[in-house]
Number of protein chains: 4
Amino acid sequence: MANTPLIFFDPFPRTDAMVFTPDVQAACAELGRVVSHFGSRAPDDLVESLLPDVDIIVGQTAMPAERFDRAPNLKAILNVKANWEPNIDYGEAHRRGIHVLSAAPAMAPAVAEYCLGQAIALARGFAASDRLFRSGHERYGIAGNGTAYSLFGADVGFIGFGNLGRALLPLLQPFGCRVLAHDPLLSDRYLDLQGVQPTSLDGVLSKARFLFILAGVTSENEGFLDRKKLEMIAEDASVVLGSRAEVVDFDAFLNLAGSGRFRAAVDVFPEEPVPQDAAFRQIPDVQFTAHLAGGMNASYARIRDMMMDDMRQILKGHPPLRMQKAEPRQAAMARSR
Amino acid sequence: MANTPLIFFDPFPRTDAMVFTPDVQAACAELGRVVSHFGSRAPDDLVESLLPDVDIIVGQTAMPAERFDRAPNLKAILNVKANWEPNIDYGEAHRRGIHVLSAAPAMAPAVAEYCLGQAIALARGFAASDRLFRSGHERYGIAGNGTAYSLFGADVGFIGFGNLGRALLPLLQPFGCRVLAHDPLLSDRYLDLQGVQPTSLDGVLSKARFLFILAGVTSENEGFLDRKKLEMIAEDASVVLGSRAEVVDFDAFLNLAGSGRFRAAVDVFPEEPVPQDAAFRQIPDVQFTAHLAGGMNASYARIRDMMMDDMRQILKGHPPLRMQKAEPRQAAMARSR
Amino acid sequence: MANTPLIFFDPFPRTDAMVFTPDVQAACAELGRVVSHFGSRAPDDLVESLLPDVDIIVGQTAMPAERFDRAPNLKAILNVKANWEPNIDYGEAHRRGIHVLSAAPAMAPAVAEYCLGQAIALARGFAASDRLFRSGHERYGIAGNGTAYSLFGADVGFIGFGNLGRALLPLLQPFGCRVLAHDPLLSDRYLDLQGVQPTSLDGVLSKARFLFILAGVTSENEGFLDRKKLEMIAEDASVVLGSRAEVVDFDAFLNLAGSGRFRAAVDVFPEEPVPQDAAFRQIPDVQFTAHLAGGMNASYARIRDMMMDDMRQILKGHPPLRMQKAEPRQAAMARSR
Amino acid sequence: MANTPLIFFDPFPRTDAMVFTPDVQAACAELGRVVSHFGSRAPDDLVESLLPDVDIIVGQTAMPAERFDRAPNLKAILNVKANWEPNIDYGEAHRRGIHVLSAAPAMAPAVAEYCLGQAIALARGFAASDRLFRSGHERYGIAGNGTAYSLFGADVGFIGFGNLGRALLPLLQPFGCRVLAHDPLLSDRYLDLQGVQPTSLDGVLSKARFLFILAGVTSENEGFLDRKKLEMIAEDASVVLGSRAEVVDFDAFLNLAGSGRFRAAVDVFPEEPVPQDAAFRQIPDVQFTAHLAGGMNASYARIRDMMMDDMRQILKGHPPLRMQKAEPRQAAMARSR
């Protein structure tokens, strides 16, 4: 059995319906031996029993430095969540040449689609128009379009240009938008070559007619979009909060949106589930969705697809191609819920 | 004054705010002499007084064959509505080499944006999600996304592939959709070269996950999407009625949408304004907008831009480039409201 | 037989191998009755015998106004050459609603490919490099690339932006070129929307690193690129003469190219065949091709494809989609060889 | 001086004109202290004297494991050649979190342009056409295009889909080619998503009308395109040898090309410089260039640009974005000249 790869699934909070469907089970069975644990993180005794033989871990099993000593065959950790936890010694994995990969890119297309759809819905006033029609107060044509504006040729701002920004950009390209992007981790030349205009944070906030907040939260940037920054947002801009809520002062954000300062779609919250009695549930005109931007069936299909593709590559001794490599420093800093 | 071009604006129901803004007035003044009439169609005596000298008519002034005899300098009729009326002898204009042009392409980008935005809103359930959140019944992540699906890689159907289809296609391209298009006026080879798959009407109806009804109404196709055809629409498809309501059996359409047979966004109605007491106003889940898809400020700016561009071309003796040429047979057949 | 369409092929100088291949013959036979004449223009008696019944003429049969009187069923003239002759009363055809169409667009892709290939060959010095290698004087790598430059990010100039320019533009797009275009028939707004920068003739001549001469010759623009204009071409630019030779002072052009003022590829000549003893045959470094840019098998396949597609459309009473409509004024002015 | 970064340039065979131009010197001076050595690999005593303080090495300085012990501040090795040498312990660098980056992507656009230009030149017969014209034996139009064919809609084959393939693919996209790609290191799903059709080696060889040999040479694939494989190439295909000569049986390749079995452009040789008396210099019709595809001024500008961009990123503690990361296994296997 030494030659048969051992694949260990410990992907909680992911479920088998998300990452271990029958096609995945069959594909893994062709590659080697599979042990799986769902419903919780695998208990230590199970983990320890597998470490000596495991080749691939799917999940975010705790791997401090000493566990790597006990896992001489470990080739890769495939994290099928969208973010990192601090329970892996990323530097040690890196030192040992163990691939540490994340499925974060899998969610990005669905989030980008959400962002685009909500941006158009806000700018064109779909929700209000439907309400007016049902109440018998609709106005037709240009008379009803007094506050409508278009994505075509608009100035668009991205705060953050990681997976989400890179997935959203091509969807905007046919609209001929001018995209201003701010990302402190990326060089101006790189942003240029990506086809966006590198811009200061204040520049993006103040100039964007459509603002997409796409930044992941780290230990360094929580709440960096405070009230002072949010007040720089252009009057009547359409703002989509598409990444993690912790990057904004959430109360200030909803306060400004609710007062009509700008239009907003919100998919993420500091606390989920949101308390039943949270007053902000009733703020008019904000478009709320309960963390629905990324986690849909199509995204999980993408996770399974890229996971199996890279699992096969790694077991063949080839480089992984689809999942995102952990940068040790960034992975350590990333904040998970 | 024989050498100074005479430009006559008679564009009702378009208003001066739509097609005769200060910049247009200034631009026309540089080109020649302008006479304008707003608020109604110009009275016959005004029209007749101008015919001997007029070079350009902007509008849909009645032009039977004999009026062309009295308008020896007439070079072009620029229709700034989106459709044709039967009050012009299109064949006679064509015979005399008079350009008869329409601003129909100007509306298409805004309608395409509406179509895309509503398609995503329907597939991703934005309206329902917002309602659930406000009522405190939201479910998070995959639990709330049970009925959500994506445009990425989807089968899309176009009924009609004119200006609207050609404007919508590039917006779908980044989603990697397979677009099946039905248009009885277009050859299969042409559709192939446009990047869509020529398909029978029944094929489009039954296979499309996203169905865009984009056909203009003519004297030959009113109501061609009858109940029998509508019942062929794939279960739970997202359907956007983006062109003229008369192409469908409207009651059957709303009946099927309201019963959950498919998801729908409706922007056009057989009668506008819709009667206050129309029961269909309350059909749940259909996304209504009161003819807002095309007629927004950005579209009128486009109309003015293409109108002035082609006016200058024509007065220079160059071919028009931006507005759409009337095909005499199709113009005669087009049904206007 | 009144109901069976009559299709008359009189396409000299096109041959049956070019436009009447077996597949075309079969397709036409399905549409109606075919009469064809090759090797010369059809004699008058044949033409006259067919006029009463003919529906479609493929070719450039002389059609003065009175012949139209004798051709009551004529629906379309499909010109399968790339240019117009003055033997048709284009205005009369237009008046009668007879489609007059040209296959000019069919040649454009092949010419665009020629232009791109020669541009790279000139800028990268392929011909000289091969000669040096064969003579044993090659230099390797950067040492041999002293005069090489790249299309990537280069300033490109188009003189003329008709079918050829529109076919070449997409081939340049992946190179990130800035394309400056001059075309006196087109408005600045139109050129903007096409994605090129409208520029004066002098601006294009002086700024382009790669210059594509793509203008068709008319009665108004023969020799407009005279020596004075040609001397404005940027030092060491790569110039491709891809359209008709008559638009340039040919001797001046070759004189400047031969003296190293700019690099050049030449596919067209004032007189073809070029006299055997023409001294310019030996001018070093100019890349000569004997009118090979457009007329290749793939282009004739395209002609046949668009001709049959539009023939079917027209016989169905639908608008043609593929061939280029004659603008009566431009067709009358076009100069043919 | 402990805080001032130390940047060490030891990039032989690159010269200062290639990688240490005045703008680079100025940019480096803003970042820290620079020591440079050109004309040869830096002597050991110089290297050893710098190891304790060096932050960035630009070049391919020998770095066995023990040297890393003596370089506690080393953050990155920036290799400004296009390939790897075995004088670095890549695994040890990886273990220590030292970025090992290559400028290989910088050459790819120039090589892709060369490949495209030569492919068109071969298919369209530019060289032969010019010779015929000069000798007075040219034939015009279709008569001279008997053996010409087009890239439009053609089946194209890539052997290798690394940097070169990824740079060439977008240049082919406007031609509507079907691209079949073979690369043993890449998964089928990955190739699918890149827009190419994963194909066996034999499939690519036999089906491609245009064949691009783009594979880098490793210790495992030298000469893998032996005579038997080369004989599978489609009759009269256009073949561009754009990567390293060692991947083919060079004599067999030229033998087949010279006998007219296929058309060929060759830029690389097993031995450079090629011996003066090499008989193959005179093989007719093959298009030779002396290793000119990549190493041109524009490519070195790209190298400098990506090198400085990533140097700044790394010194800021941010991830590099532009240069290519060494995969330890592949870097160790790569064969250098």
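Predicted, not measured: the structure shown is a model, and the values here were computed from it.

Here is what the cut-offs are and how they apply
Residues numbered from 1 in each chain as written. Chains lettered and ligands numbered in written order. Predicted model: local features only at pLDDT ≥ 70, side-chain atom pairs only at ≥ 80, totals over all residues. Heavy atoms only, no water. Least-squares fit on C-alpha atoms with pLDDT ≥ 70 in both. Contact = heavy atoms within 4.5 Å. Buried area = accessible area lost by both parts, 1.4 Å probe. Salt bridge = Lys/Arg side-chain N within 4 Å of Asp/Glu carboxyl O. Polar contact = N/O pair within 3.5 Å; in protein donor to acceptor, adjacent residues only side chain to side chain. Helix = DSSP H or I, 4+ residues; strand = E, 2+ residues; numbered from the N terminus. Nonpolar A, V, L, I, M, F, W, Y, C, P; charged D, E, K, R; others polar. Axes fitted to C-alpha atoms, helices over the stretch in contact; angles between N-to-C directions. Parallel < 35°, antiparallel > 145°, perpendicular 65-115°, else oblique. Buried < 20%, exposed > 50% of the residue type's maximum accessible area, 1.4 Å probe, protein only. Pairing = 2+ DSSP bridges. Domains from an automatic or database assignment. Expected span 1.5 Å × (residues − 1). Right-handed = clockwise from strand over helix to strand, strands pointing away. Left-handed = near helix turned anticlockwise from the far one by under 90°.

Engineer: What's the story with the relation of the copies chain A and chain D in this structure? I'm lost.
Structural biologist: Superposition of the two copies of the chain requires a rotation about an axis and a shift along the axis. The two copies are related by a screw motion: chain A maps onto chain D through a turn of 180° and a shift of 0.0 Å along the axis, at an RMSD of 0.1 Å. Such a turn and shift between the copies fits a two-fold axis. Among all C-alpha atoms of chain A, that of A:Arg95 lies closest to the rotation axis, at 1.7 Å.

Engineer: Explanation requested: the interface of chain C and chain D in the structure shown.
Structural biologist: For interface size, the figure often reported is the accessible area lost on association. Of the residues lining the interface, 59 residues belong to chain C; the matching set on chain D comes to 59 residues. Where chain C abuts chain D, roughly 4900 Å² becomes buried across the two surfaces, and 59% of that area is made up of carbon and sulfur atoms. Remark: the boundary between chain C and chain D carries four salt bridges. Taken together, the connections running from chain C to chain D amount to 40 residue pairs in polar contact (both at pLDDT 80 or more). No other element matches helix H6 (residues 104-124) of chain C, which puts nine residues into the side of chain C that touches chain D. Tallied by class, the residues present in the side of chain C that touches chain D amount to 32 nonpolar, 17 polar and ten charged.

Engineer: How do you make sense of the interface of chain A and chain D when you look at a structure like this?
Structural biologist: Across the contact, 23 residues belong to chain A and 22 residues belong to chain D. Between chain A and chain D, the buried area comes to about 2100 Å², and carbon and sulfur atoms account for 52% of it. As a salt-bridge pair, D:Arg189 and A:Asp305 come within 2.6 Å of each other at their nearest N and O atoms. Here the side of chain A that touches chain D is composed, by residue class, of seven nonpolar, seven polar and nine charged.

Engineer: It is not clear to me how the packing of helix H2 (residues 22-31) of chain C against helix H13 (residues 297-315) of chain C should be interpreted in this structure. Could you clarify?
Structural biologist: If you want to describe how two helices pack, look at the angle between their axes and the distance between the axes. Residues and elements named next belong to chain C. One way to put it is that H2 packs onto H13 with a least axis distance of 11 Å and a crossing angle of 0°. Regarding the angle of H2 to H13, the classification is roughly parallel. Residue-level contacts link Val24, Ala27, Cys28 and Leu31 of H2 to Arg304, Met307, Met308, Met311, Arg312 and Leu315 of H13. Of the residues contributing to the contact of H2 with H13, the split by class is eight nonpolar, no polar and two charged.

Engineer: Help me understand the environment of B:Ile77, please; the structure alone is not making it clear to me.
Structural biologist: Residues and elements named next belong to chain B. If you trace the backbone, Ile77 turns up in strand E4 (residues 76-79). Given the relative accessible area of 1%, Ile77 is considered buried. Along the sequence, Ile77 and Ala148 sit 71 residues apart, while their C-alpha atoms lie 48 Å from each other.

Engineer: Any chance you could explain the sheet that holds strand E13 (residues 324-325) of chain C here in plain terms?
Structural biologist: Backbone-to-backbone hydrogen bonds pair the strands of a sheet. The strands run either parallel or antiparallel. All names here are of chain C. Spatially, six strands are ordered E2-E1-E3-E4-E5-E13 in an open sheet, and the strand pairing comes out mixed. Each edge of the open sheet carries a strand with a single partner, namely strand E2 (33-36) and E13. As paired elements, strand E1 (residues 6-10) and strand E3 (residues 54-59) share five bridges and run parallel to each other. In the strand pairing of E3, Asp10 is matched with Gly59. Sheet contacts for H2: E1 and E2; angle to E1, the most-contacted strand, approximately 150°.

Engineer: Is there a simple way to think about the domain arrangement of chain A in this case?
Structural biologist: Residue and element names in this part refer to chain A. Segmentation of chain A into domains returns domain 1 (6-105 + 297-333) and domain 2 (107-288). Taking only C-alpha atoms, the centre of domain 1 and the centre of domain 2 are 33 Å apart. Domain 1 puts 13 residues into the contact, and the matching count from domain 2 is eleven residues. Summing both sides of the interface, domain 1 and domain 2 together bury roughly 890 Å²; the carbon and sulfur share of this comes to 52%. Seen at the junction of domain 1 and domain 2, the total is zero salt bridges. Linking domain 1 to domain 2 there are four residue pairs in polar contact (both at pLDDT 80 or more). Of all the elements in the fold, those that place two or more residues in the side of domain 1 that touches domain 2 are helix H6 (104-124), helix H13 (297-315) and helix H14 (328-333).

Engineer: Explanation requested: helix H13 (residues 297-315) of chain D in the structure shown.
Structural biologist: What sets the pattern is the α-helix's 3.6 residues per turn: residues three or four places apart point alike. Taking 1.5 Å per residue as the helical rise, H13(D) with its 19 residues ought to reach 27 Å, and the 27 Å between its terminal C-alpha atoms agrees with that figure. Where H13(D) is concerned, the buried positions are D:Ser299, D:Tyr300, D:Ile303, D:Arg304, D:Met306, D:Met307, D:Met308, D:Asp309, D:Asp310, D:Met311, D:Gln313 and D:Ile314.

Engineer: Honestly, the pairing of strand E4 (residues 76-79) of chain A in this entry has me stumped. Any pointers?
Structural biologist: Regular strands show a simple pattern: their side chains alternate between the two faces of the sheet. Residue and element names in this part refer to chain A. Taking every second residue as pointing to the same face, both faces of E4 are buried, with Ala76 and Leu78 on one and Ile77 and Asn79 on the other. Bridge count between E4 and strand E5 (residues 99-102): four bridges; the pairing is parallel. By the bridge assignment for E5, Ile77 is matched with Val100. In this view, the connection linking E4 to its parallel neighbour E5 by way of helix H5 (residues 90-95) has right-handed handedness.

Engineer: What should I look at first to understand the pattern of salt bridges in this one?
Structural biologist: Pairs can form between side chains of opposite charge once their charged atoms are near each other. For the structure on display, the rule yields 84 salt bridges over all chains. In this structure, B:Arg70 and B:Glu48 form a salt bridge, with 2.8 Å as the shortest nitrogen-oxygen distance. One end of the pair, B:Arg70, is in the loop between helix H4 (65-69) and E4; the other, B:Glu48, is in helix H3 (residues 44-50), and 22 residues separate them in sequence. Owing to a relative accessible area of 37%, B:Arg70 belongs among the partly exposed residues under this scheme. Judged by relative accessible area, B:Glu48 falls into the partly exposed class, the value being 29%. We note a salt bridge from B:Arg322 to B:Asp305, for which the minimum N-O separation is 2.7 Å. One end of the pair, B:Arg322, is in the loop between helix H13 (297-315) and strand E13 (324-325); the other, B:Asp305, is in helix H13, and 17 residues separate them in sequence. One network of salt bridges, with partners in common, ties together A:Asp44, A:Glu48, A:Arg67 and A:Arg70.

Engineer: How should the relation of the copies chain C and chain D be read in this particular structure?
Structural biologist: Each copy superposes on the other: chain C lies on chain D with an RMSD of 0.1 Å after a rotation of 180° and an axial shift of 0.0 Å. Comparing interface residues between copies, 100% of those in chain C also sit at the interface in chain D, which points to an isologous, same-surface contact.

Engineer: Looking at this structure, how should I read helix H8 (residues 163-172) of chain B?
Structural biologist: Residue and element names in this part refer to chain B. Within H8, eight of the ten residues are buried, which leaves it mostly tucked inside the rest of the structure. Burial in H8 covers these residues: Asn163, Leu164, Gly165, Ala167, Leu168, Leu169, Leu171 and Leu172. In this fold, the buried residues of H8 make contact with helix H6 (104-124), strand E6 (155-159), strand E7 (178-182), helix H9 (188-194), strand E9 (210-213) and E13.

Engineer: Got a minute to help me understand the sheet that holds strand E1 (residues 6-10) of chain A in this structure?
Structural biologist: All names here are of chain A. On the basis of which strands lie adjacent, the open sheet formed by six strands has the order E2-E1-E3-E4-E5-E13 and mixed pairing. The two strands at the open ends of the sheet, each matched to only one other strand, are strand E2 (33-36) and strand E13 (324-325). For E1 and E2, the ladder comprises four bridges, and the chain directions are parallel. Bridging across to E2, Phe9 finds its partner in Ser36. Here helix H2 (residues 22-31) sits on the sheet in contact with E1 and E2, set at roughly 150° to E1. Of the strands in this sheet, E1, strand E3 (54-59), E4 and E5 are in contact with H13, which crosses E3 at around 165°.

Engineer: When you look at the packing of H6(C) against helix H8 (residues 163-172) of chain C in this model, what are you seeing that I'm missing?
Structural biologist: Residue and element names in this part refer to chain C. Direction vectors running N to C along H6 and H8 enclose 45°, while the axes themselves pass 8 Å from each other. One finds that H6 runs oblique with respect to H8. Helix-helix and strand crossings are classified by hand; for H6 and H8 the assignment is right-handed. In this structure, H6 uses Ala104, Pro105, Ala108, Pro109, Val111, Ala112, Glu113, Cys115 and Leu116 to contact H8, whose residues at the interface are Asn163, Leu164, Ala167, Leu168, Leu171 and Leu172. In terms of residue class, the contact of H6 with H8 is made up of 13 nonpolar, one polar and one charged.

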